[in-house]
Every structure is written in structure tokens, then in C-alpha cells.
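Observations on the three-dimensional arrangement
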Amino acid sequence: MQGEIRLEELTKQFAGVVAVDAIDLQMPPGEFFTLLGPSGCGKTTTLRMIAGFERPTSGRILLDGGDVAQVPPHRRNVNTVFQSYALFPHLDVAGNVAFGLKYRRVTKAEQRKMVVEVLERVQLGGFEHRKPAQLSGGQQQRVALARALVLTPRVLLLDEPLGALDARLRKDLQVELKALQVDIGVTFVFVTHDQEEALTMSDRIAVMRSGRVEQVASPREMYDEPATEFVADFLGVSNLLPAEAAGRDGDCCVLRLGESTLLAARGATGSRGPVKAMIRPERIGIEPHGSAGENRLPGLVERVVFLGGSSELHVRVVGGSVLKATVVSGDGEAAGLSRGAAVSLHLPREALRVLVPDSAQEAESAAAAAERPVRTAPSM
Amino acid sequence: MSGRWTWRLLSLPGVGWLSVFFLVAFYAVLCVAFGNQDTLSQPVPFWNPLDWNVGYVLDVLRNIWHGGQYLTVLLRTLAFVAIAMALALLVGYPVAYFTARHAGRFRGLVLLGLIVPFWINYLMRMLAWINLLSPDGWGTRVLHDLGIERLFLWLGLLSTRGGWLDGQEATVVIALVYGYIPFLILPLYAALDRIDQRQIEAARDLGASPLSAFLRVTLPLSMPGILAGSVLVALPMFGDYYTPDLVSASTRTNMIGNQIDEFTRQGSEKVTGAVLTLLLALILLALMFYYLRSTRRAAAEHAA
Amino acid sequence: MIAWVRNPWGRPRWLAVVTAAYVLWSIVPVGIAILFAFNAGRSRTTWQGFSFHWFTGSTGSVLHDPALQSALEHTLLLAGLCVAISTPIGVALGLGLQRWRGPGGGTVNTLMLLPLVTPEIVMGVALLLLFLRVFPGIGLGTPAQVIGQVTFTLSYVVVMVRGRLASIGREYEEAAADLGAPPHDQLLRVLLPLLAPAIIASAAVAFALSLDDFVVTQYLSSDASTTTVPMLLYASARGAPTPALNAIATVALVITLATLTLAFLVYRRFAGGREAVELASLEV
């Protein structure tokens, strides 16, 4: 079990502010694990606690079964790639990369060999004698990587390492990083606020918000089956329709939206009361106005946003909400629609997911904790 | 965790040094001021506060209360410093303003011109003026030729022709300005430099004339810098004794610093000298703490 | 000319005039004093021709007058000792203060800042009484002068070191720790090399401050052998000295400016222009 991290009830308080609120996380060995969330959600603090730069207020950090929460950073076999790389300006590339080897009782000759090897691996062969100031952003980032990897850590922590790079370089490095991780097999714990990045690179994502973990799942799962409104909204584009849940019909939830009735097959289908119905833009079918059938909503096209390979139609439906639907360019009739057109949107029941709104969620869990009789049985 | 104590340990020599050679030194002043004088006119400090002798302190306070020489000296010092500060601000602010906002590509050069006097030995700068203002000096000749000498004579700021260095208050004040103004201009420059150009542009955009934008935006924003710089300069100026000593041979222009110097270093009234020092320190204490607090606040805002 | 000054569209020209006038007023008198150091005759007010006489001449010059030489030597001795003592203590205190955790930091910080805002005469009297009554064993003289100078230059070193530390930030130490360096190695292998320009610069500043110091040095001097160049200038200024006085003042000035220029360049090479200017104007 090399490189497994478990966080148990990990909490960090700063002068009255709870940055990380008793979270439990398991990061399996050899995986590319991402901590995703908006700024201030506690993801960086969590990472720093794993690295050892912040001492947890309470809780345990288990690295391969051993609690390292009280171990100082220089004694953990965990290495970090910093957001600003933190390359030592007074040492050249080789000096930077070899820095940590001094504490490993490796001979000078072996050190040199290891430095050359790892630099080759990150495609910086021959850069040994350059100074950090002479390198580009992408090159500096690779040196930072090399410096950490040469120490063969069990876990590599990356704190928004691609944040300072321009979009093009970012995309290239995302692919490279992922390939590197697969190749080496070290557990990567990656922190970012960029959901696209998270979706592209991760084996597993943990979405954090206000110090808590909202959901942990693989990218596909998280995209298709977000557990909460926040997660649905944070990853990808989502449509969230406020509706009234009126109980079950078979294994679907009956949703009332004004005068329309929709059936939703996913999510908290047993709910009652105000909920949000979520559907991804690419799952919405666009049909001519007046078409009949289950889960059809009439609406008016308000805007067409051209995105190159596709367009996003903003359609105002009954009840006042605006739904975004994706139309692939050149896709027959739907592609030719313009502002003002009347359409009918098909929201297939398999693509419609019932999400309990946050406040109701908390109220429900509070009610459950107080063991008051509840009208419906919530399930996620 | 060992970390905490490493840093405190590192601080120890410095703290120890300052405690002994600064704090204890001040305590010595207190103990001498509240002490006594032995038969050889040497000061005898009373180390135990309970033994303190208020005799000398009361003498000085009585002297001040009844309008004696100490009051005169204090008031004169106050007047000199106030006028010198006003003049320094009058000259220094425009210079700082120009350097911060309008110097363009000459900024480096001008800054050099502002910084160099800062580092020239104060005494050498005074020496230069003594040379120039001596009866046969170039400066005296130029001032005479430009008619400035006549103006000063007429205004009563000069007693005799060519007698610039002859116990003239005006000379002392101008010498103070000359000596201390570099210490004022640089903080002023820094404060003005920090003002965001865009705020001024916004004011102009909203209809303010250049003068109005200056009065309503730049000036208020630079006020903390003005205050901080003024305090930074006023503090040493209050304790100055060498400037009057150099440019005026007479006790007519004595500042409180001169008085203290005469009693303490030159003469044998060290106890009275200590009392006066204490008095000076107390008067300036308010200013000192104001400055410390404002820099701490500025540093906190800077870091935020 | 008036039209040029009153240009309504350009930047206010009169400001440029005032500034130029100020800079000239500020520097020209000193320039003249330096000029007269090269005067061939004895006068300090009438130009009598160019000569190096007062610097290197056989009599009464900086090189050959025992009083002048002794003053110069003593000044340099004090400056050297002052730097040697206040730089290490100051760097240590700067590090300690910047990384201080827990209570007490504010008090120590205030203590450190106090010498910077204390008028020199107050310090002079305090130190005088200290060495007369508290440490009569040390008494007045060279040791006292060194101690007095260190006491007020210490704060300058601390402030500059802290400034540099603040801009370095904690990241490099964290990176070093992350890579396995224990705390003392973080200091030695990473922090101190990064701090080097500030250390050199503050040593230079301490040197210059000591060289130019007058009040404290005068108060703690014992006899003629503990006279420094500033004290000499003070004592002789109103007498009828020769241009040798100008000469020695020029020598001291050159040493000071050279040291500071060096420090400024070193700092700028490693830290950046803006910080170097702030350093030069000693932002507290």
C-alpha cells in the first residue's frame, strides 16, 4: 500500500475561522486525486496540512497507515510542487534538483546520475547549469517537478501548479503531467479551482466548499451524477430548474413545473417539496414547437451563443427559467434556429436528475438527526 | 516545537544589548535626574525609586513655571522647529511631488540628487555654509549683490551687514531647514509615489481642475506621509544643539539641546542636565509613539 | 522663458524649476567646500589655484598632519568595530523578529524601533551617564564609543533585514523543508544566501552611519585620542582652519559615498530597483 492517504476528521481553525471542517477523505495509492473547489474552500489548507506546513487543529493524517499529523515536513516522505515553484534562485537547475538528495546519503556521483535521469524524464535534459531566472514558466514548473520526483516520494502534492501559465501551455502540460503520473505510479494530490483541469486529469475528484467535502467521485460520475446543486453547478454547465416534487411514480420522481409535469429518473427521486431538476445542456433535445410526448417543455429562444464547434441556445421556458441547450454546428434544423424562434425542449427522464436544494438538505439532515417524523424518505 | 525557540534565541543578543545599553541607560537618566550632586559636582544617581529626590526636578519646573530661562529656551526651540518645519514642507513638498509625479525619465537622476545630501555628513554640510557665510565668503557676497542682505536687514532678520554667523536666529532656522530637509523629502516622495495615479485621473475625469484634483485627492492621500515625515524630522530637530553652535556663536539662539549640552557634557550640572533631558524626552514621547503607531499601521495596510 | 514656465498643457514647469533650484541649493555649497579642499593657498574663501597640497603635501595635510591622521584612523576603527558587532546581532534580531510566534513580539519590535526615533542628544546623555555611573569600569573612550554606535545602528540593520525577509517570504524555507532540510539547514542553505544582499547592504549602512556619527561619539569620547573626523570638523569649524579640514571632510565623504554606492549596486543586482531606493531612503 504505497502512497495511500487517509484524512480522518481533519480540522483546521485559524483565529476563529474554520478553514477545514472535520473532513474524511481517502486517497487510494497510485491515483491522480484532485481537490477541487472555489477559492477559500479549504483545499490548499488541506494540502498544506498533508505536506506538514500547517498543523491540524484536530484529526489524523494517515500516510500508509501511520499518523503523520505531528511529524515536521522535512521528515515526511511527501513532496510538494508549489504554485510559484519556489525554485532557489541562488542555485542552478542541477543544484535545485539535487537539494533534497543531500539528506539521503547518496554519493556525489550517484546524485549527478539521478539528477540527469530525472531531468531527462521531464524533458529538460541538458538544462543542468541554467539558473531559474533564465527559464520559462513551463520549464520552471518542470524543474520543480523534477526536484520533488528525484526523491521518490510516496505522494506528490501539487498546489495549482499550472495556474501561472497561459492557456495553451496549460493544456499541453496537463496532458504531460497525467502521462507522467501514470508512468511513475506515484499518488498525485492535485489542488485546483479549474473544473476543466480536474475533469481532464483526475482519476478521482473531491469537491470542497467552505471547509467541507461535497462529493468524492470519478470525473464521469461527478459530471453525470452530481450529489448537490453546488457540485452540479461547479462542474460543467448545468441547468437547474426549480420545481415541486410530488412523490414517486414507479421509480421516477414526479415534478411539477407550472402547468407542466416532468418525470425524473435520477437523483433524489423520493423527494417531496421544492427541488431542483438538473440536466446537462448536451442531453436536451430540441424539437419543433408543439411536439408532443413525455417531458416536453415549450419555450422561446432568447439567445444563440456561437462557440465554434457548437452553439448554446438559451431558451426561456414556462416558469421563467432559461435553459441552455447545446447544438452541434451543422446539425440540421436545430442549427439554423435564431432568436425568437419557438421550440419545444425534450428533457429525457434518464437525463433529468433531482437535486435537493442546499438549505432543504441541511434541514432534512437536521430533522433526521432530531428523529422527527419526516414525510418522505430522502435518498441520494 | 523547536521552531518557536530558535527564533527567540536568535533575538536574544539583540534584545539583551538594547536592554542594557538603551533601557538601562534611560533608567540611569531617570535616576540621575531624581538623584543628587556630590561635593565634587558629580551626579549621584539614586537607583531605588523610593529614594528619589525631587529637588532638582522641582527646581527646573519652578523655573519654567515662573518664566525663567528654561521656559525661554523651550519656547525658542519650539518656535525654531515650527518655523523650520513649515519652511521645509513648503520647499520639500513641491520637490517631492515633482519627483514622484512629473519627473518622467529624469526621475532616477533627481532621486540621486535627493539622496546624496542625505548621506553627506551633516557637519560637512554646515561647514560648507560657514565657509560661504563668513564675512568674506562667496555666499555673503552673493547675498549682498542680490539685495537679499538688504531685505533681511530691513526685515530685522539680520543685525549687521555680513554678520550672518553672528548669533542670528534667521540663520539658525535656515540652517535647520537646510540640514533636515533631505530627511523630510524622501519619506514625502515615498508617500506620494504610492498614491495610485488612477485615482487622480478619476478625479480629473469627473470634472476636477488640476488644482482641485490636487487639493481634494492628492493632498489628503498624502497627509499620512506628511505627518509621518514631519514627525520623523521634528524629533531630532528638537534635540539639535550643534546647528546653533556652528552657525551662531551666541547663547541668544540657544535651543534646549544647547542647554542640555552645556550642563551635561561641557559643564558640571549633570543632574540639571539629566532633568532637562528627561523633560525633553517626555515632551517628545507623544510624538515618538505617534510615529511608531502610524508606521505599524502603514506596514499592516501595505501587507494586506 | 516665462512662457515656458507657465505652459498650461504640459506638466507644471514651475515644479521643475523649484526642484532644480532645491537640488542645486542642496549640493552646490558642499561642492564648493570640496573645491576648496584643492585650493593652493590657505584661504577657505578665496580661490588661489588648484593643488593637492592639503591632501598629500609635506606639512599640514591629511597625509602628514598627526592630528588629522589620528582622527581619520580612529573614525575608521570605530566604523569597522561597529559594523563587526552590529551586523551579526542585527541580522539575528531581524530574523528572530520576523519569524517571532506568540506573545512578546510587539514589545520587542517597539524596543528595537525606539533608538530610531530617539533624538541623539537624549541618547548621548543617557549613554554618558551609563558609562559614568553604571559601568565606570568601562568609562568613556573607544569601547564606550563603539558600544554607543552599535546601539543606534542596530535598529537600521534590523529594519533592512526584515524588509528583505518580508519580500522573500516563507516559500523557499517551506520548499527546503519539504525536500528534507531540517530547520537549521533551511536557514543556512536557503535563507542566508537569499539574505546576503541585505546583509551586505546593512553592513554598509552601519559603516556609513558610524562614519558620520557625531553626537553619541562626541559624548562618549575621553580625550584627544578618541577624536573622530566629525568631531574635528565641529571643533575647528568656527576657528581659522586651513583647507586641510575641507580635505579630510572630502576624504571621509568619498569613503562614505563609495561604501553606499557599492551597497546600493549589490542590493539592486539581487533585489530590484524599487527596493533599493526604499533602502536608500531608509523606509522604517
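As the structure is a computational prediction, the values presented were derived from the model and not from experiment. (Residues numbered from 1 in each chain as written. Chains lettered and ligands numbered in written order. Predicted model: local features only at pLDDT ≥ 70, side-chain atom pairs only at ≥ 80, totals over all residues.)

Thoughts on the overall build of chain A
When helices and strands are tallied, chain A shows 10 helices and 21 strands. Scored against the burial criterion, the 380 residues of chain A give a buried share of 39%. Long-range contacts, defined as pairs at least 24 residues apart, comprise 66% of the intrachain contacts of chain A with a sequence gap of at least 6. (Helix = DSSP H or I, 4+ residues; strand = E, 2+ residues; numbered from the N terminus. Buried ≥ 20, exposed ≤ 12 C-beta atoms within 10 Å, placed from the backbone. Contact = placed C-beta atoms within 7 Å.)

A few points about the arrangement of the chains
By contact count, the dominant pairing among the 2 pairs of chains in contact is that of chains B and C. Kept free of each other, chain A and chain B leave a smallest C-alpha distance of 9 Å between them.

Regarding the interface of chain C and chain B
Listed per partner, the contact involves 73 residues of chain C and 78 residues of chain B. Here the element with the most residues in the side of chain C that touches chain B is helix α2 (residues 13-36) of chain C; it accounts for 13 residues. When grouped by side-chain class, the residues that make up the side of chain C that touches chain B number 53 nonpolar, 10 polar and 10 charged. (Nonpolar A, V, L, I, M, F, W, Y, C, P; charged D, E, K, R; others polar.)

Details of the nonpolar core
The biggest cluster of nonpolar side chains holds 269 residues, and the ones touching the most others in it are Val189 and Ala277 of chain A, Val29 of chain B together with Ala126 and Ile248 of chain C. With 16 residues, helix α8 (residues 169-194) of chain B is the largest single contributor of residues to this core. Excluding residues within four positions of it along the chain, valine 189 of chain A makes contact with Ile5, Met27, Phe33, Leu35, Leu47, Ile50, Val155 and Leu157 of chain A. (Core = buried A, V, L, I, M, F, W, Y, C linked by C-beta atoms within 7 Å.)

Quick notes on helix α5 (residues 105-117) of chain C
The end-to-end C-alpha distance of α5 of chain C is 19 Å, a good match for the 18 Å that 13 residues give at a rise of 1.5 Å each. All buried positions along α5 of chain C are accounted for by Met112, Leu116 and Val117 of chain C. (Expected span 1.5 Å × (residues − 1).)

Describing the interface of chain C and chain A
Taken together, the 13 residues of chain C in the interface contact 16 residues of chain A. Going through the elements one at a time, α8 (171-178) and α9 (183-212) of chain C are the ones with two or more residues in the side of chain C that touches chain A. Across the side of chain C that touches chain A, the residue classes break down as 9 nonpolar, 1 polar and 3 charged.

Some thoughts on the confidence of the model for chain A
Any region with low pLDDT has predicted coordinates that should not be read closely. Of the residues in chain A, 93% have a pLDDT of 70 or more, and the chain-wide mean is 87. Low pLDDT, under 50, characterises residues 371-380 of chain A; the predicted model gives this stretch 17 contacts beyond four residues in sequence or across chains. (pLDDT = per-residue confidence, 0-100.)

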